[in-house]
Amino acid sequence: MGPCRSWGAMALLCLLVPGGHPVPCRVSISPEEPTVEFGTSLLLNCTSSCRNYSRLSWEVSVAKTGPWGPGWVSLSIPNVTDWSLKLQCFGVFGEQRRIATTTLRAYRFSPPQIYLEGDAVAGKETRVTCNASAQVSPTDPPNLRLTLRGGGLPPSTHRGPSVELDFTAQPEQHGREVTCEAALRLGHRTVNASATVTLWVWAAPHDVRLWAPRTVFTAGDNLTVTCRAEGNPPPQLRWELPTNASLELWDGGTTVIVPAAQRAHGGTYRCLAENRYGAGAASVDILFQGSSRSPLIPVAVTVAVATVLVVLAVSWWLYHTQGWKPMPD
């Protein structure tokens, strides 16, 4: 009948694998490396690779309850209050006893928390910190690793309950997310947790720009100058205009409109952008044709002077080379 004979006559029950070699019956525990949060419940199973056992049971130091069935028996621990607990399951096969052992590990793990130290202001150094706490067996320090990543920042990893990352804040980082990943290693198993925070980067006014359809006007034209500025919080705009220039403000003060502008409206238009983190400014010169600042006047003068010089040069050449003399009156 082969090396295993009949099940009833065997002293050591076994299975046959292809090729006829006997495999001894064994018991196993699932999960193999149980971990559970301190104070919570746990359910484990002990299984036998053979059905013809005389006994299959748990041997532990805690009260056990749980269902059982053909080839398996469960262990239910409603309240785990031991940081480390050795568990043993055994099966009796004839005169042989097979044992499986494992160690239950309990832990406490607080999710990570992220902090920004003070205001993150564009162009200035700031720090983001992540803290997490874990507790395992009092005789073993927790194997805890923290990683900060995201927000356009280089990842930073540290073993222990805290990790820090120093960086120079940039306006484009505003609204990006930074994540802290915490990994608690328990034997061959890892328990993970994470937290996320949104970067809020404050910024002084920058990229202040002035725009006008043109910079040279004629009296009676409609004059428009628009100012735009970036910053966080959004900058307040203030105008410095030529003396005695009447105007209208539109779009919340971002645009100056002068209907039927006159020469008195010519001059420097300056926009000042301010918030609590700083200020910026930009300006543009508005000119009117015929005004003292018109670029047409120096051009006309230059043309007239050049014409006179040409006439004088031609007259001199004719006088000296051709003997030409002006006609008498």
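One can find the structure itself at the top, above this paragraph.
As the structure is a prediction and not an experimental result, all values here were calculated from the model.

**As for the layout of surface pockets**
And step 1. As a volume, the largest pocket reaches approximately 200 Å³.
And step 2. Lining the largest pocket are 14 residues, and of these Arg105, Val136, Ser137, Asp140 and Leu186 lie nearest its centre.
And step 3. Element by element, the count of residues in the lining of the largest pocket is highest for strand 10 (residues 96-116), at three residues.
And step 4. In the lining of the largest pocket, the residues fall into six nonpolar, five polar and three charged.

**Remarks on unusual backbone geometry**
And step 1. Cis geometry marks the peptide bond from serine 30 to proline 31; its omega dihedral reads 0°.
And step 2. Within the secondary structure, proline 31 sits in the loop between strand 3 (27-30) and strand 4 (35-37).
And step 3. Cis rather than trans, the peptide bond between asparagine 232 and proline 233 has omega equal to 5°.
And step 4. Secondary-structure assignment places proline 233 in the loop between strand 20 (223-232) and strand 21 (236-240).
And step 5. If you check the backbone angles, aspartate 207 has positive phi at about 55° while not being a glycine.
And step 6. By secondary structure assignment, the location of aspartate 207 is in strand 18 (residues 201-211).
And step 7. Under the relative-accessibility criterion, aspartate 207 is labelled partly exposed at 47%.
And step 8. Its identity is not glycine, yet alanine 260 carries a phi of approximately 50°, on the positive side.
And step 9. Relative to the assigned elements, alanine 260 resides in the loop between strand 23 (255-258) and strand 24 (267-275).

**Describing the pairing of strand 20**
And step 1. As paired elements, strand 18 and strand 20 share five bridges and run antiparallel to each other. Looking across to strand 20, one finds that arginine 209 is bridged to arginine 228.
And step 2. Both strand 20 and strand 23 contribute to a ladder of four bridges, which runs antiparallel. When the bridges of strand 23 are listed, threonine 226 appears paired with threonine 255.

**What to know about the sheet that holds strand 11 (residues 120-121)**
And step 1. The five strands lie next to each other as 11-18-20-23-22, forming an open sheet whose pairing is mixed. If you trace the sheet from one side to the other, it starts and ends with strand 11 and strand 22 (248-250), each paired once.
And step 2. Here three bridges tie strand 22 to strand 23, and the two strands are oriented antiparallel to one another. Bridge pairing in strand 23 links glutamate 248 to isoleucine 257.

**With respect to the nonpolar core**
And step 1. Counting residues in each nonpolar core, the largest one holds 25 residues, and the members touching the most others are Tyr107, Phe109, Leu144, Leu148 and Leu184.
And step 2. At the level of elements, strand 10, strand 12 (125-135), strand 13 (143-150), strand 15 (162-168), strand 16 (177-186) and strand 17 (189-198) are the ones that each hand at least two residues to this core.
And step 3. Beyond its immediate chain neighbours, meaning those up to four positions away, leucine 144 contacts Phe109, Ala132, Ala134, His158, Arg159, Gly160, Pro161, Ala182, Ala183 and Leu184.
And step 4. Within the second largest apolar cluster, 23 residues are counted, among which are Leu42, Leu44, Leu85 and Phe93.

**Let's talk about the sheet that holds strand 8 (residues 72-77)**
And step 1. Strands sit in the order 3-5-8-7 across an open sheet of four strands; the sheet is antiparallel. Looking at which strands have only one partner, the edges of the open sheet turn out to be strand 3 and strand 7 (68-69).
And step 2. Strand direction decides the pairing type here: strand 7 and strand 8, joined by two bridges, are antiparallel. Within strand 8, the residue paired with glycine 69 across the bridge is tryptophan 72.

**Looking at the packing of aromatic side chains**
And step 1. This structure, assessed with the given rule, holds four aromatic pairs.
And step 2. Note on phenylalanine 38 and tryptophan 83: the rings are 4.4 Å apart at their centroids and 25° apart in plane angle, and the pair reads as stacked. Within this pair, whereas phenylalanine 38 is found in the loop between strand 4 and strand 5 (42-48), its partner tryptophan 83 is found in the loop between strand 8 and strand 9 (84-93), the two being separated by 45 residues in sequence.
And step 3. A ring pair is formed by tryptophan 202 and tyrosine 277, whose centres lie 5.7 Å apart and whose planes are at 20°; its orientation type is stacked. Linking tryptophan 202 in strand 18 with tyrosine 277 in the loop between strand 24 and strand 25 (278-288), this pair joins segments that are 75 residues apart in sequence.
And step 4. Judged by relative accessible area, tryptophan 202 falls into the buried class, the value being 16%.
And step 5. Three or more aromatic residues link up through ring pairs in this structure, and these residues are Trp200, Trp202 and Tyr277.
And step 6. The residue whose ring lies beneath arginine 97 is phenylalanine 90, and the NZ or CZ to ring-centre distance is 3.9 Å.
And step 7. Just above the ring of tryptophan 202 sits the side chain of arginine 276; from NZ or CZ to the centre is 4.8 Å.

Rules used throughout
- Sequence positions are assigned chain by chain, starting from 1 and proceeding in written order.
- Per-residue local features are limited, in this predicted model, to residues with pLDDT of at least 70; the limit for side-chain atom pairs, both in listing and counting, is 80 or more; totals at the level of whole chains, interfaces and linings are taken over all residues.
- Excluding hydrogens and water, the side-chain figures rest on all heavy atoms present in the structure.
- Within this scheme a cavity is a closed region of a 1 Å grid, computed over the protein atoms alone, that accommodates a 1.4 Å probe without allowing it to escape, whereas a pocket is open but has protein on both sides within 12 Å along at least five of seven lines; lining residues each have an atom within 4 Å of a point.
- Grid points are joined across faces, edges and corners, and a volume is the space filled by probe spheres set on the points.
- Going along the chain from the N terminus, every DSSP run of H or I of four or more residues is numbered as a helix, and every run of E of two or more is numbered as a strand.
- Residues are grouped as follows: Ala, Val, Leu, Ile, Met, Phe, Trp, Tyr, Cys and Pro are nonpolar; Asp, Glu, Lys and Arg are charged; all remaining types, including Gly, are polar.
- Burial here depends on accessible area, computed with a 1.4 Å probe over protein chains only, as a share of the maximum for the residue type. Under 20% is buried, over 50% is exposed, and the range in between is partly exposed.
- Whether two strands pair depends on DSSP finding at least two bridges between them.
- Take the buried Ala, Val, Leu, Ile, Met, Phe, Trp, Tyr and Cys residues and link them wherever side-chain atoms come within 4.5 Å; each set so joined is a nonpolar core.
- What makes two residues a contact is simply this: any of their non-hydrogen atoms within 4.5 Å.
- Aromatic rings from Phe, Tyr and Trp, taking only the six-membered ring of Trp, are treated as a pair when their centres fall within 6.5 Å; an angle between ring planes under 30 degrees marks them as stacked, one over 60 as edge-to-face, and anything in between as tilted.
- Note on geometry: a ring has a charge over it if NZ (lysine) or CZ (arginine) is within 6 Å of the ring centre and within 35 degrees of the ring normal.

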